[in-house]
Amino acid sequence: MLDVAEEKLALKETDPEVFQLIEKEEVYQRESIRLIPSENYVSRAVLEASGSVLTNKYSEGYPGQRYYEGQRYIDQLESIVQERAKALFGVEHANVQPYSGSPANLAVYYALLEPGDKIMGMSLPDGGHLTHGWKVNFSARFYTAVQYGVDPKTHLVDYDQVRDLARAERPKIIVAGATAYPRRFDFKTLGEIAREVDAYFLADISHIAGLIVAGAHPDPAPHADVISTTTHKTLRGPRGAMILCREEHAKAIDRAVFPALQGGPHNHTTAAIGVALQEASTDAFRVYGQQVVSNAKALAGELLERGFRLVSGGTDNHLILIDLTDKGVFGKKAAKALDRAGIVCNYNAIPNDPRKPFSPSGIRIGTPAVTSRGMGEAEMRQIAGWMDRVVGAPEDEEQVERVRSEVQEFCAAFPVPGIPQ
Ligand code: DSN
C-alpha cells in the first residue's frame, strides 16, 4: 500500500484538477467547525480501506455464492464484516451491501411488502426521512403512506397517537427513525404497537447507530424485525449502509438487495465498514458516543442561555434543531452566514414550519464530527457564542470575518482524524 505522500503524488501528477479540489476540501474540513449532525470524520484506517484495490473487483452474490470468480479474499472479507455487524448490534443476520440509506430502506420494503401495501412512518417536516413515506419519495409513490408526527406543543413523538393511527390504518410496516428528531425513540413501545396491529417493525437507526453501540441510546434490536442504518454518521464509517434482521427475514432481505435492486457490492466500502465496526467495538468508541451526547447537551444548554429557541426544548441525542422564527432570520440566511464564518450546519424545517422546505425556519446542528476532533463541553460553549454572534447579525460581514478567523485559530488545536496536519 502506498503511503499518504505517495498516494497524493500519483493523484497530483495524473489529475491536478481533482487533486487540488480534494486538497481544498481537506483544508476546509480542517479549518471549519462541522456541525452537520449526519456527518463525521473517518479514521485514516477507514480512508485507506475505502481507497484500496478492492474497488477493482466485481462480486455479485454473497460469500460462497458469487457470479464471478476470483473471490478468495473478498468472500473472507465480507464474511468478517457480516460477523462484526452481527456481534456489534446483537442481531442474527447482517447484509452489508446496500449502497446507502435510501437503497437500504427500498430493499427492506421490497423484501417485506407488495406494491401498494401501507407504510407508516414519521413525516419529513416532523423529523422523519424521505424514505419513511414522504409524498415526493418512492416510498409514497409505490406504497400507500400514512404519517405520524410529533406533538405540536412538546415536539415529542406521541406514542398514543401512533397507536391510534396504527389501529385505524393497519399498516403492513411501521418505521421508526429520523433525520431531525433531537430525542430518544421508545423502540419497545413502537415494537409493541407493531405487534398489536400485526405490522413489521423497521427501526432506521442511521443517525443514532453509533450512539446505540456506545450505550448512549436505547437499543432497537430486541424489538425490531429489521434494522436499517447508514454507516457514515455517528457510526463513523464510510458512506454505505447495512440491513440487520432476524434470521426469518434473512433470505428475503438478501434477495432484495441482490439481485432485485443492486448489482455488485462496493467491496472497498465493505472493507471500510468492517474497519469502522472494529473501531466501534472498542472502549474508546463507547467513550466517544457518550461524549457526543454530553457535547450536544452542553451546546443546547448554552444556546438556550443565549435565548435560542430549540425544538423540543433541548436534546438527548447528538442533534439540535434550532427554531429561528423569533430571531428575525430564516434558516438559509443563518446557515450561509455561519458557513462564511467557518461553522457548517444545514437549514432545516421545524415542526409546523410556516415557511417552504427550501427556505425553512430552522437550522439543524449536531456534535458527532466535533467530538471526533476531541472537543468537549467547554468548546461547545465557545461554539454557541460564535453562533450567537453570527446569527444575531448575519449581514455584518466584519463580524462574520472576525468569527471566521477566531474559528480558524481554534480549529488548529483540534486535529482531524484521517487528515494529516
Ligand atoms: N441526508 C441525511 C441527513 O442529513 O440526515 C439523511 O438521509
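Residues numbered from 1 in each chain as written. Predicted model: local features only at pLDDT ≥ 70, side-chain atom pairs only at ≥ 80, totals over all residues. Heavy atoms only, no water.

Caption draft 1: Examining the nonpolar core more closely. By size, the foremost hydrophobic cluster in this structure holds 48 residues, and its most contacted members are Phe-89, Val-157, Phe-185, Ile-205 and Met-242. Those residues within four positions of Val-157 in sequence are excluded, and the remaining contacts are Met-122, Tyr-148, Gly-149, Val-150, Val-162, Tyr-181 and Phe-185. (Core = buried A, V, L, I, M, F, W, Y, C linked by side-chain atoms within 4.5 Å. Buried < 20%, exposed > 50% of the residue type's maximum accessible area, 1.4 Å probe, protein only. Contact = heavy atoms within 4.5 Å.)

Caption draft 2: Highlighting the sheet that holds strand β11 (residues 309-310). Spatially, four strands are ordered β11-β12-β15-β14 in an open sheet, and the strand pairing comes out antiparallel. What marks the edges here is a single partner per strand, and that holds for β11 and β14 (346-348). Sheet analysis places β14 next to strand β15 (residues 362-366), joined by three bridges and oriented antiparallel. Residue pairing for β15: Asn-348 is matched across the bridge by Gly-362. Along the sheet face, helix α12 (residues 283-305) touches β11, β12 (319-323) and β15 and points at about 15 degrees away from the line of β12. Most of the contacts of helix α13 (residues 331-340) go to β15, to which it runs at about 45 degrees, and overall it touches β14 and β15. (Pairing = 2+ DSSP bridges. Helix = DSSP H or I, 4+ residues; strand = E, 2+ residues; numbered from the N terminus. Axes fitted to C-alpha atoms, helices over the stretch in contact; angles between N-to-C directions.)

Caption draft 3: How the structure looks around α13. Taken together, the buried positions of α13 are occupied by Gly-331, Lys-332, Ala-334, Ala-335, Ala-337 and Leu-338. Packing partners of the buried residues in α13 comprise β13 (343-344), β14, β15, α15 (377-392) and α16 (397-411). The positive-phi residue at the C-terminal boundary of α13 is Gly-342, with phi of around 90 degrees.

Caption draft 4: Structural view of the sheet that holds strand β6 (residues 144-148). Strand order in the open sheet formed by seven strands is β4-β10-β9-β8-β7-β5-β6, with mixed pairing between adjacent strands. Across the chains shown, the open sheet's two edge strands, defined by having one partner strand only, are β4 (93-95) and β6. Taken over all neighbouring pairs, the strand axes of this sheet differ in orientation by 20 degrees on average, direction set aside. Bridging between β4 and strand β10 (residues 241-245) involves three bridges; their strand directions are antiparallel. The residue of β10 that forms the bridge with Ala-94 is Leu-244.

Caption draft 5: Representation of the pairing of strand β9 (residues 226-230) in the model. With five of five residues buried, β9 is to be regarded as a mostly interior element. Neither face of β9 is left uncovered, since the one carrying Val-226, Ser-228 and Thr-230 and the one carrying Ile-227 and Thr-229 both have all their residues buried. Of the strand pairs in this sheet, strand β8 (residues 200-204) and β9 are connected by three bridges, and their pairing is parallel. By the bridge assignment for β9, Asp-204 is matched with Ser-228. Pairing analysis gives five bridges linking β9 to β10, with the strands arranged antiparallel. Each bridged residue has a counterpart across the sheet, and for Thr-230 the counterpart in β10 is Ala-241.

Caption draft 6: Representation of the environment of Val-416 within the structure. Topologically, Val-416 is positioned in the segment after α16. Linking Val-416 and Ala-111, residues 305 residues apart in sequence, is a C-alpha distance of 39 Å. Excluding its chain neighbours within four sequence positions, the residues that come into contact with Val-416 are Gln-29, Arg-30, Tyr-41, Arg-373 and Gln-421.

Caption draft 7: Just a nonpolar patch on the surface, in detail. There is a patch of nonpolar side chains on the surface, built from Tyr-58, Tyr-67 and Tyr-68 and spanning about 370 Å² of accessible area. Summarising the element assignment, Tyr-58 is placed in the loop between α3 (44-50) and β2 (61-62). Tyr-58 gets classed as partly exposed once you look at its relative accessible area, which sits at 47%. (Patch = residues over 30% accessible without salt bridge, like charges linked within 9 Å, V, L, I, M, F, W, Y side chains within 5 Å. Areas by Shrake-Rupley, 256 points an atom, 1.4 Å probe, with all protein chains shown as cover. Salt bridge = Lys/Arg side-chain N within 4 Å of Asp/Glu carboxyl O.)

Caption draft 8: Region of interest: the packing of helix α4 (residues 72-89) against helix α11 (residues 267-280). Viewed as axis vectors pointing N to C, α4 and α11 meet at an angle of 35 degrees, and their least axial separation amounts to 9 Å. The hand of the α4/α11 crossing is left-handed. Listed contacts from α11 to Ile-74, Leu-77, Glu-78, Val-81, Arg-84, Ala-85, Leu-88 and Phe-89 of α4 are Asn-267, Thr-270, Ala-271, Ile-273, Gly-274, Val-275, Leu-277, Gln-278 and Ala-280. The class makeup of the residues in the contact of α4 with α11 is 11 nonpolar, four polar and two charged. (Left-handed = near helix turned anticlockwise from the far one by under 90°. Nonpolar A, V, L, I, M, F, W, Y, C, P; charged D, E, K, R; others polar.)

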